[in-house]
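These are the residues of each chain, in order.
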Amino acid sequence: MSKIRTDLALEIKENLPEEDGLEGIDVVTKNYRNGKIKETIIKIENEKGAIVLGKPIGTYITVESKLLRDVDQDIYEPIVVIVHKILKKFIGDKSRIMVVGLGNREVTPDSLGPKVIDNLYITRHLVKEGIVSDVKEISALCPGVMAQTGIETQILLKSICKDIRPDVVIVVDALAAAEASRLNSTIQICDTGISPGSGVGNNRSKINEETIGVKVIAIGVPTVISMSALLGQFGIGAFDINEELATMFVTPKNIDESVKRVSFTISESINRFFEL
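Residues numbered from 1 in each chain as written. Predicted model: local features only at pLDDT ≥ 70, side-chain atom pairs only at ≥ 80, totals over all residues. Heavy atoms only, no water.

A. Just helix α7 (residues 153–164), in detail. If you check α7, its first and last C-alpha atoms are 16 Å apart, about what twelve residues at 1.5 Å a residue would give, namely 16 Å. Along α7, the residues classified as buried are Thr-153, Gln-154, Leu-157, Cys-161 and Ile-164. Down the axis, α7 shows its buried residues gathered within 110° of arc, on one side only. Opposite the buried face of α7, at more than 90 degrees from it, the exposed residues are Lys-162 and Asp-163. Where α7 is buried, its residues meet β4 (96–101), α5 (124–128), β5 (137–141), β6 (168–177) and α8 (209–212). (Helix = DSSP H or I, 4+ residues; strand = E, 2+ residues; numbered from the N terminus. Expected span 1.5 Å × (residues − 1). Buried < 20%, exposed > 50% of the residue type's maximum accessible area, 1.4 Å probe, protein only. Arc of directions from axis to C-beta. Contact = heavy atoms within 4.5 Å.)

B. Fine view of the pairing of β6. Among the ten residues of β6, ten are classified as buried, and the element is accordingly described as predominantly covered. Pairing of β4 with β6, which is carried by five bridges, proceeds in the parallel orientation. By the bridge assignment, Met-98 is partnered in β6 with Val-169. Here ten bridges tie β6 to strand β8 (residues 215–226), and the two strands are oriented parallel to one another. Following the sheet pairing, Leu-175 is matched in β8 by Pro-222. (Pairing = 2+ DSSP bridges.)

C. Molecular detail of the nonpolar core. Membership of the largest hydrophobic core comes to 36 residues, with the highest contact counts inside it found for Ile-187 and Ile-270. Broken down by element, this core gets its largest block of residues, seven residues, from helix α3 (residues 77–91). When neighbours within four sequence positions are excluded, Ile-270 is seen to be in contact with Leu-87, Val-99, Val-116, Leu-120, Ile-138 and Ile-219. Counting 30 residues, the second largest nonpolar core, distinct from the first, contains Leu-8, Tyr-60, Leu-102 and Leu-175. (Core = buried A, V, L, I, M, F, W, Y, C linked by side-chain atoms within 4.5 Å.)

D. Spotlight on the environment of Ile-151. Looking at the secondary structure, you find Ile-151 in the loop between α6 (146–149) and α7. With a relative accessible area of 34%, Ile-151 lands in the partly exposed category. If we ignore the near neighbours within four places in the chain, the residues touching Ile-151 are Met-146 and Leu-156.

E. Up close: the state of the cysteines. Overall, the coordinates contain zero disulfides when judged by the stated rule. Counting only cysteine sulfurs, Cys-142 is the nearest neighbor of Cys-161, a cysteine outside any disulfide, at a range of 15 Å. (Disulfide = S-S within 2.5 Å.)

F. Structural detail: the side chain of Thr-186. Among the secondary structure elements, Thr-186 is positioned in strand β7 (residues 186–190). On the basis of relative accessible area, Thr-186 is assigned to the buried category, the value being 0%. A distance of 3.1 Å separates the side chain of Thr-186 from the backbone oxygen of Arg-182, its partner in a polar contact. (Polar contact = N/O pair within 3.5 Å; in protein donor to acceptor, adjacent residues only side chain to side chain.)

G. Representation of unusual backbone geometry within the structure. The backbone phi angle of Arg-33 is positive, close to 55°, even though this residue is not glycine. Mapped onto the secondary structure, Arg-33 falls in the loop between β1 (25–32) and β2 (37–44). Its relative accessible area of 49% is what places Arg-33 among the partly exposed residues. For Arg-165, which is not glycine, the phi dihedral falls at a positive 50°.

H. Quick peek at the pattern of salt bridges. Evaluation of the coordinates by the stated rule reveals nine salt bridges. The partner of Glu-23 in a salt bridge is Lys-48, and the shortest N-O contact between them spans 3.1 Å. Taken together, the residues span a long stretch of sequence, with Glu-23 in the loop between α1 (9–14) and β1 and Lys-48 in helix α2 (residues 47–53) at a distance of 25 residues. Under the relative-accessibility criterion, Lys-48 is labelled partly exposed at 44%. (Salt bridge = Lys/Arg side-chain N within 4 Å of Asp/Glu carboxyl O.)

I. Seen up close, a positive patch on the surface. Judged by side-chain charge, Lys-30, Lys-43, Lys-85, Lys-88 and Lys-89 come together as a positively charged surface patch. Take the positive patch: its biggest share by element is three residues, from α3. For Lys-43, a relative accessible area of 39% corresponds to the partly exposed category. (Patch = residues over 30% accessible without salt bridge, like charges linked within 9 Å, V, L, I, M, F, W, Y side chains within 5 Å. Areas by Shrake-Rupley, 256 points an atom, 1.4 Å probe, with all protein chains shown as cover. Lys, Arg positive; Asp, Glu negative; His and termini not counted. Charge placed at Lys NZ, Arg CZ, Asp CG, Glu CD.)

J. Spotlight on α3. When the terminal C-alpha atoms of α3 are compared, their 21 Å separation across 15 residues agrees well with the 21 Å that a helix rising 1.5 Å per residue should span. Residues Pro-78, Ile-79, Val-80, Ile-82, Val-83, His-84, Ile-86, Leu-87, Phe-90 and Ile-91 constitute the buried set of α3. Looking one or two residues beyond α3, the residue adopting positive phi is Gly-92, at roughly 65°.

K. Local environment of the pairing of β2. Of all eight residues that make up β2, six are buried, and the element is covered over most of its length. Bridge count for β1 against β2 is eight bridges, and the pairing is antiparallel. Across the sheet, residue Lys-30 finds its bridge partner in β2, namely Glu-39. The antiparallel hairpin formed by β1 and β2 contains four residues in its connecting segment, where Arg-33 sits at a positive phi of about 55°. Sheet analysis places β2 next to strand β3 (residues 58–64), joined by seven bridges and oriented antiparallel.

What follows is the structure, encoded as structure tokens:
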């Protein structure tokens, strides 16, 4: 598994050797809509659990459903409700929210974050001007990627947060999965921040409360899978393929439509704060 990359805490947990156990890790599973939607809550409670799972202490919630791949927009309304409730629990009574769409808009599998921003109800300016009240103050940003700006996203966010002072930052990014069945059908939400590009071996500086000074909630959807992970599902080991092939990542042929649908689902989950 050393060459198989995944950003999903759920997949890491599933691939733990049985002898490692789950000490320091609490797992709860819920099913909705007759099993069509599955929610898995993984809580890493202490340092031992963090070491075993290789993730920071915190809560990782995964929502899985093949409905996310359906072309009928009404189908994923229940997923919007579930994701919103999860975000509401993480955010609590905080009123100033900044949403950051990570990724490269020009690369379809990496365009999830910017597309989420495209469909958001932005309210910060309306609140500041007294046009609306009793709603969350939502601002948004698409910082691009380092290859476009030459600047670490963490540095940009730290600077902006000092100025506009949000209570919480929601970062949205595309992830990598180890199971092809989870591509574009899984949403992971966690309260520990994110290391952009880690799933594809392109680690950038971490974005979390410690580095930018504001609580960070990360929302991610796997849009790519490594070739070694994909071939592994057919019984071909990582050592049976050459290094060049092992470093490749692939994405479904309908990725453009899939990203459009799932980004809309996430946007609507955040937009529900505008309705409160």
